[in-house]
Amino acid sequence: MRQEDIQKIIEQRQPLAQRVMKVRENLSEAAGKFENFNIICREIFNDKGLAKEFGNVGRFLDDADKLVNEAVKRQEELKHLQKRLTRNTLNIAVIGRARQGKSRLLQSITGLTAEEIPDSNLDFCTGVRSDIINEDTDVTYAVVHFLSEEKFLADNVAPYFAELKKSEKNIFSVPNSISAFKNFPLPELSSLNDTAMKQALNNLLEIQKNLPKFENLLGQRQTQIKKHEIRDYVAHDNKEGKEIFNYLAVESVEIFCRFPNEDVGSLRLIDLPGLGDIRIGDVARVVNALRDQVDLVFFISMPSYKGAGWQEIETNLYTEASSALGDKLPIDKWSFWVFNHDLRADNEIQCKMLRDTIEEKAQIKVSDTVIVDCSNPQDVSENLIDVALSYLSKNIEANDVIYAENLQALLKNTIQDIKTLTEKIKNSLKDEGDLDRDSDTFDVLFEDLWSKLREELEKCVEENSQLRQNRNKPYKKLQEKIASVLTEEEKQIPITEEDIERASRREGGIHTPYQESLHYLRTRLSSKIQESLDSILDEVLKNMKNEFCSILANTGRLEKRFGVSDYRLLGEMIKFIEESLYSKDMPTLLAGLKLLNDWTMSYRSFIQHRLRGALNALDPVEEESRVLGTPQNASQAVQILDNLYKQTIYKVRDALDNIYSEPNKAAFAVAEEFKDIMIRSNEMHSTSSDEENKTLKHEHNLKIQWRRFYRPIRGDIWEEQYGASQKIRNAIVKLRAPLENLVPLLSDSKFEFLQR
């Protein structure tokens, strides 16, 4: 029954997990736009000439920085929530001081022994996090995840350097490589007086001294190991009692076994190193594990029978663990305090005393308190695991909702703050129109340019134009290339009698080698024709594109803005329009530019389909390949292949004879269509009395769209008249674009993952 309850909990989480993932994506997109705006602001304010002009925006930069950081924090919190909801196991962590019975408790639940879960009775203990997963398996095994060199330095070295800096102010920064750490000159122990500092330095010296024993493991891929090997990677000592250091290279170990009580279903127990005598930084590792990988935590302590009191390390650990999710999900909603009843010393009275004073004296609030004998599997199963799983079954959904509600409230506050700041910044930006006092100047300049541009574009395809005169002429480069290939191939087939004989001996007959030779010749001829043709075909269109772009660059003066005058200008213009705030107001202009820019000719689209029928004689499944009979030996095979190859080349010549003018025809057709779109669309007029229809056609008038294209870049095009204000205008456009793109992304509905 417990197994079904656990599976139900896991499945019920998935819909919310999907919604959280979508909100994460939305936040990532919005945060990226906002951060992009912030970067642009910094660039502008680094320009002394512009900083003064945008001083009214500058006062918002500190707030923008804070909100960027806040958005990053919200993204990380959503990531933790999503991980929590998408796990395929129910996770319970066990934490506490060393030698309190934590390992015995885990052994009782999992059926494992001290060999896999070291305990202090054997004078060694766990050095790394171990996850123990209930799995339907007859063989216990483990998967070891190793630290990278960078993470080893961050996790196992940097904390000691930070501790030493409290006393040794002149100590260098953390070494940035393993080799640097290996040779790093650490202080002498005698140079320190503080006991804690000495212990930190002693541990660091031990790590440095023993680095050669485990450094080969750093950066290795995860490795599966057998049951008897587990201790070599998780413990401080091996079975002979000899100190080992492999655990320092290990990030975590996953142990897969069948729990004695199979009804616990998809349960994962997280065994974290005992606190109090292990590495600096273990508390931080505990908190990180709790943040997104734990549904319930067991704090464990074993009061002394001689007299019990709350230890500072226990209350501090509780406080640190509380910070994992903070107010988003208070720790008392997902924690048990387990008092280990040690029958050998009979500390039951002390357990009860601490249980009864846990809130009053220790200021600790948990979901439940339990007294169990951690070494007794039946006691643990009935009085702890049953109680814990029952609690989760009743409360985990409510806990998920509390967590999600609190995080969503924080997220909405962040989004609202970004909205408010965005609006303030938009309102503080100058209107581009304020920079120009004489709008008539632009009208005059544009009308003159438009008249000349139309005339030059029209000339490209007029009666005496080169494009029109060439449209029915063969494209000589294509004709010469194909003729050259076919002439060369006619000389001799690249297959000899010796080739056929060798293949026949290998295949045990001539049939297969002969058919393979047909396939080879067909593929060869097709490939030879294809070689270089794509570039030749595209050259026709590229020349035509260059002709139009030269007019746009010179007569249209666009080289002044985009710096190119060949076919690349099309891509620059398209990019400019698409990134413009007014891209939707230039649909026809954009469509025309894309038509010309995207039009290509290739072998596969232009020639291949015309060629296939001519190749049938080289296809063994076609009747045409059998008209000369079936060869009986290598000599006959070569003779038939040679005849078929030459017949095929003749048919290819015939099939392609009429295509050589097609590239020029295609180029002219595209050019004429482009010209019509670019300069004829403005001649649309409406005779309808329908005012709405008139407005629609007016908005699509090409001349108006060209005006919209030129207006924001007028300072680059007519530098003498507008150059002084263009730099400011460009800066305004750069600032406005990310803000305008950001506004639609800040809709409240995009950041709601809880169903109403």
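What counts as what
- Residues numbered from 1 in each chain as written.
- Predicted model: local features only at pLDDT ≥ 70, side-chain atom pairs only at ≥ 80, totals over all residues.
- Heavy atoms only, no water.
- Helix = DSSP H or I, 4+ residues; strand = E, 2+ residues; numbered from the N terminus.
- Buried < 20%, exposed > 50% of the residue type's maximum accessible area, 1.4 Å probe, protein only.
- Contact = heavy atoms within 4.5 Å.
- Areas by Shrake-Rupley, 256 points an atom, 1.4 Å probe, with all protein chains shown as cover.
- Lys, Arg positive; Asp, Glu negative; His and termini not counted.
- Charge placed at Lys NZ, Arg CZ, Asp CG, Glu CD.
- Phe/Tyr/Trp six-rings, centres within 6.5 Å; stacked < 30°, edge-to-face > 60°.
- Lys NZ or Arg CZ within 6 Å of the ring centre and 35° of its normal.
- Core = buried A, V, L, I, M, F, W, Y, C linked by side-chain atoms within 4.5 Å.
- Salt bridge = Lys/Arg side-chain N within 4 Å of Asp/Glu carboxyl O.
- Expected span 1.5 Å × (residues − 1).
- Bend = angle between axes of the 7 residues up to and from the residue.
- Pairing = 2+ DSSP bridges.
- Axes fitted to C-alpha atoms, helices over the stretch in contact; angles between N-to-C directions.

Asks: Can you explain the overall build of the chain? Please cite residues and give values.
Replies: Along its length, the chain carries 30 helices and nine strands. Going through the 756 residues of the chain one by one, you find that 48% of them count as buried. Of all intrachain contacts in the chain linking residues separated by at least 6 positions in sequence, the fraction that spans at least 24 positions is 79%. As displayed, the chain offers around 37200 Å² of accessible surface, 45% of which is attributable to carbon and sulfur atoms. The chain carries 105 positive and 125 negative side-chain charges, and their two centres are separated by 3 Å.

Asks: Go over the environment of Ile39, please, and point to the residues and values.
Replies: For Ile39, the position within the fold is in helix α1 (residues 2–45). Between the C-alpha atoms of Ile39 and Ala388, which are 349 residues apart in sequence, the distance is 50 Å.

Asks: Report on the packing of aromatic side chains, specifying residues and quantitative values.
Replies: Per the counting criterion, the structure on display carries 24 aromatic pairs. With 5.5 Å between their ring centres and 85 degrees between their planes, Phe576 and Phe709 make a pair best called edge-to-face. One end of the pair, Phe576, is in helix α21 (residues 568–579); the other, Phe709, is in helix α28 (residues 702–710), and 133 residues separate them in sequence. Under the relative-accessibility criterion, Phe709 is labelled buried at 0%. Between Trp706 and Phe709, the aromatic rings sit 6.0 Å apart at their centres with planes inclined by 85 degrees, giving edge-to-face as the arrangement. With Trp706 and Phe709 both in helix α28, this residue pair falls three residues apart, about one helical turn. The same class applies to Trp706 and to Phe709, which are both buried. One aromatic cluster is present, formed by Phe442, Phe446, Trp450, Phe562, Phe576, Trp706, Phe709, Tyr710 and Trp718 through successive ring pairs. Its guanidinium or amino end placed over the ring of Phe562, Arg561 lies 6.0 Å from that ring's centre, counting from NZ or CZ.

Asks: Give a description of the nonpolar core that names residues and reports values.
Replies: In terms of nonpolar packing, the biggest core is built from 88 residues, with Leu478, Leu558, Ile607, Trp706, Phe709 and Tyr710 touching the most fellow members. With 11 residues, the single largest contributor to this core is helix α19 (residues 533–554). Residues contacting Ile607, with those up to four places away along its chain left out, are Leu478, Ile482, Leu533, Leu537, Ser602, Leu656 and Ile659.

Asks: Go over the pattern of salt bridges with me, naming the residues and quoting the values.
Replies: All told, the structure shown has 45 salt bridges when counted by the stated rule. Connected through shared salt-bridge partners, Arg13, Arg84, Arg87, Asp295 and Asp400 make up one network.

Asks: Give me the lowdown on helix α10 (residues 282–293), citing residues and values where you can.
Replies: Under the 1.5 Å per step criterion, the end-to-end length of α10 is 16 Å for 12 residues, consistent within 8% with the ideal 16 Å. Residues Asp282, Val286, Val287, Ala289, Leu290 and Asp292 constitute the buried set of α10. Of the surrounding secondary structure, the elements contacted by the buried residues of α10 are α4 (61–86), β1 (90–96), β2 (129–134), β7 (296–301) and α11 (312–322).

Asks: Outline α1, listing residues and values.
Replies: For α1, which comprises 44 residues, the first-to-last C-alpha distance of 62 Å matches the rise-based estimate of 64 Å (1.5 Å per residue) to within 8%. At Gln14, α1 shows its largest kink, close to 30 degrees, and the proline Pro15 lies no more than four residues downstream.

Asks: Got a sec to walk through the sheet that holds strand β6 (residues 267–271)? Specific residues and values, please.
Replies: Reading across the sheet, the nine strands line up as β4-β3-β5-β2-β6-β1-β7-β8-β9 and stay open at both edges, with mixed pairing between neighbours. Of all strands in the sheet, those bounded by a partner on one side alone are β4 (223–226) and β9 (368–372). Mean inter-strand twist for the sheet, computed between neighbouring axes without regard to direction, equals 25 degrees. On top of the sheet, α10 reaches β1, β2, β6 and β7; it is set at about 160 degrees to β1, its chief contact.

Asks: So, the environment of Ser565: which residues are in play, and what are the values?
Replies: Locating Ser565 in the fold gives a position in the loop between α20 (559–562) and α21. The class of Ser565 is partly exposed, set by a relative accessible area of 30%. Put simply, Ser565 and Gln350 are 215 residues apart on the chain and 88 Å apart in space, counted from C-alpha to C-alpha. Setting aside anything within four residues of it in sequence, one finds Ser565 in contact with Asn546, Cys549, Ser550, Ala553 and Glu559.

Asks: Report on the pairing of β2, specifying residues and quantitative values.
Replies: Successive residues of a regular strand alternate their side chains across the two faces of the sheet. In terms of burial, β2 is largely enclosed, as six of its six residues are buried. The alternating pattern of β2 places Arg129, Asp131 and Ile133 on one face and Ser130, Ile132 and Asn134 on the opposite face, and all of these are buried. Two strands pair when backbone bridges link them, and β2 and strand β5 (residues 250–257) are joined in this way by six bridges, in the parallel orientation. Counted as the bridge partner of Asp131 is Glu254 from β5. For β2 and β6, the ladder comprises four bridges, and the chain directions are antiparallel. When the bridges of β6 are listed, Ile132 appears paired with Leu269.

Asks: Describe the pairing of strand β3 (residues 141–146), with residues and values.
Replies: Burial within β3 is extensive, with six of its six residues counted as buried. Of the two faces of β3, the one lined by Tyr141, Val143 and His145 and the one lined by Ala142, Val144 and Phe146 are each fully buried. Two elements, β3 and β4, share four bridges in a ladder whose sense is antiparallel. Looking across to β4, one finds that Val144 is bridged to Thr223. As paired strands, β3 and β5 are joined by six bridges and run antiparallel to one another. Counterpart to His145 in the pairing with β5 is Ser252.

Asks: I'd love a proper account of unusual backbone geometry, names of residues and values included.
Replies: Within the chain, Arg99 stands out as a residue other than glycine whose phi angle is a positive 65 degrees. Relative to the helices and strands, Arg99 is located in the loop between β1 and α5 (102–110). Backbone geometry at Gln363 places phi at a positive 55 degrees, although glycine is not the residue there.

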